[in-house]
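An overview of the molecular structure
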Amino acid sequence: MTQLPTHTEKKLGLVIDLDTCVGCHACVISCKGWNTENYGAPLSDQNPYGADPSGTFLNRVHSYEVTPDEGAAMTVHFPKSCLHCEDAPCVTVCPTGASYKRVEDGIVLVNESDCIGCGLCAWACPYGARELDQAEGVMKKCTLCVDRIYNENLPEIDREPACVRTCPAGARHFGDLGDETSDVSKLVAERGGMDLMPELGTKPVNKYLPPRPKDDQIDILAPFLETVAEEPTGFLGWLDKTLERIG
């Protein structure tokens, strides 16, 4: 069994804003693309154009309709990937030591050459964040694009996870959550960032920012949607009268 480090020098992770995520799946596609071409074995697909397609993904987006006790119903798009937990059960259950947590940055990884595909880590993970690649027979999970964030051949602006770099809504943030002065830590403090299922005691590094109540939001389009004329004029007025005669 693999032992967890007693401490890590950093706590690199993601902060995901559920208020601004629009469920476009750009993060899913960019993650699949980057991790198919780079770290580890490619992420395979089975029968992708058939009646029952399946495949390996390190990041997925689930959408839910939520009806709060007060206020209007809302749709919440919920991205889910490995949370790089401090007390990661997927690490301690691994019989070969393939699953491990790095001391230097706290990232949880899988050494694919040592993975036997037993699936114990997937059973131990309460978040369903690990997937067995059917083609390679090894366990796959989010790596925080470890081969990207330290890659000095890339421009500095690109040295962040592919999902963060791609998100068009700015709903994904990356940084050191062990540093109280970091941008991500400040964002969590300001917005009341939450752990996912904290009662499990896994101490996930990744945080979620809750959706803001809709009643507190200002509809910036409202002024443009007000009625500007009681009766249609110009071409629309002529068309309206013509249609009335035909009817």
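Owing to the predicted nature of the structure, the values given are computational and were not obtained by experimental measurement. Throughout, residues of each chain are indexed from 1 in the direction in which the sequence is written. Restriction of local features to residues with pLDDT of at least 70 applies here, the model being predicted, together with a cutoff of 80 or more for giving and counting side-chain atom pairs; totals for whole chains, interfaces and linings are based on all residues. Based on all heavy atoms of the structure, the side-chain values leave hydrogens and waters out of the count.

1. Some details on the pattern of salt bridges
- Here, a salt bridge means any side-chain nitrogen of Lys or Arg that lies within 4 Å of a carboxyl oxygen of Asp or Glu. In this structure the tally under the stated criterion is 10 salt bridges.
- Asp19 serves as the salt-bridge partner of Arg212, at 2.6 Å between the closest nitrogen and oxygen. Residue Arg212 is found in the loop between strand E11 (207–209) and helix H7 (234–246), and its partner Asp19 is found in the loop between strand E1 (12–17) and helix H1 (26–37); the two are separated by 193 residues along the sequence.
- When salt bridges that share partners are traced, they join Arg102, Glu104 and Asp105 into one network. Numbering of helices and strands runs from the N terminus, with a helix taken as a DSSP run of H or I at least four residues long and a strand as a DSSP run of E at least two residues long.

2. What to know about the sheet that holds strand E10 (residues 172–176)
- Here, any two strands with at least 2 DSSP bridges between them count as paired. The sheet built from three strands is open, its strands ordered E10-E1-E11 with mixed pairing. Looking at strand neighbours, the two that pair on one side only are E10 and E11, the edges of this open sheet. Each strand axis lies, on average, 25° off the axis of its neighbour in the sheet, ignoring direction.
- Each of E1, E10 and E11 is contacted by helix H6 (residues 183–191), which is oriented at about 120° to E10, the strand it contacts most. Only the contacting stretch of a helix is used when fitting its axis, a line to C-alpha atoms as for every element, and angles between N-to-C directions run 0 to 180 degrees. The contact rule is simple, with two residues in contact once any of their heavy atoms fall within 4.5 Å.

3. Quick look at the nonpolar core
- Side-chain atoms within 4.5 Å link the members of a nonpolar core, which is a set of buried Ala, Val, Leu, Ile, Met, Phe, Trp, Tyr and Cys residues. Throughout this description, buried means an accessible area under 20% of the type-specific maximum (1.4 Å probe, protein chains only), exposed means over 50%, and partly exposed covers the range between. Residues Ala88, Ile107 and Tyr208 are the most contacted members of the largest nonpolar core, which totals 38 residues.
- At the level of secondary structure, the elements contributing two or more residues to this core comprise E1, H1, strand E5 (74–80), helix H2 (89–92), strand E7 (108–110), helix H4 (146–149) and helix H5 (162–166).
- The residues contacting Ile107, other than those within four sequence positions of it, are Leu12, His84, Tyr100, Lys101, Arg102, Thr143, Leu144, Val146 and Ile149.
- Ranked by size, the runner-up nonpolar core spans seven residues in total, among them Leu177, Val184, Val188 and Leu209.

4. Notes on the packing of aromatic side chains
- Between 30 and 60 degrees the pair is tilted, below 30 it is stacked and above 60 it is edge-to-face, where a pair is any two Phe, Tyr or Trp rings, Trp via its six-membered ring, whose centres lie within 6.5 Å. Evaluated as defined, the whole model comprises one aromatic pair.
- On the basis of an interplanar angle of 15° and a centroid distance of 4.8 Å, the ring pair of Phe78 and Tyr208 is categorised as stacked. Residue Phe78 is found in strand E5, and its partner Tyr208 is found in strand E11; the two are separated by 130 residues along the sequence. Accessibility classification places Phe78 together with Tyr208 in one group, the buried group.
- Should the NZ of a Lys or the CZ of an Arg lie within 6 Å of a ring centre and within 35 degrees of the ring normal, that charge is described as sitting over the ring. Sitting above the plane of the Phe57 ring, Lys32 keeps its charged end 4.1 Å from the centroid.
- Lying across the ring of Trp34, Arg148 places its NZ or CZ 4.7 Å from the centre.

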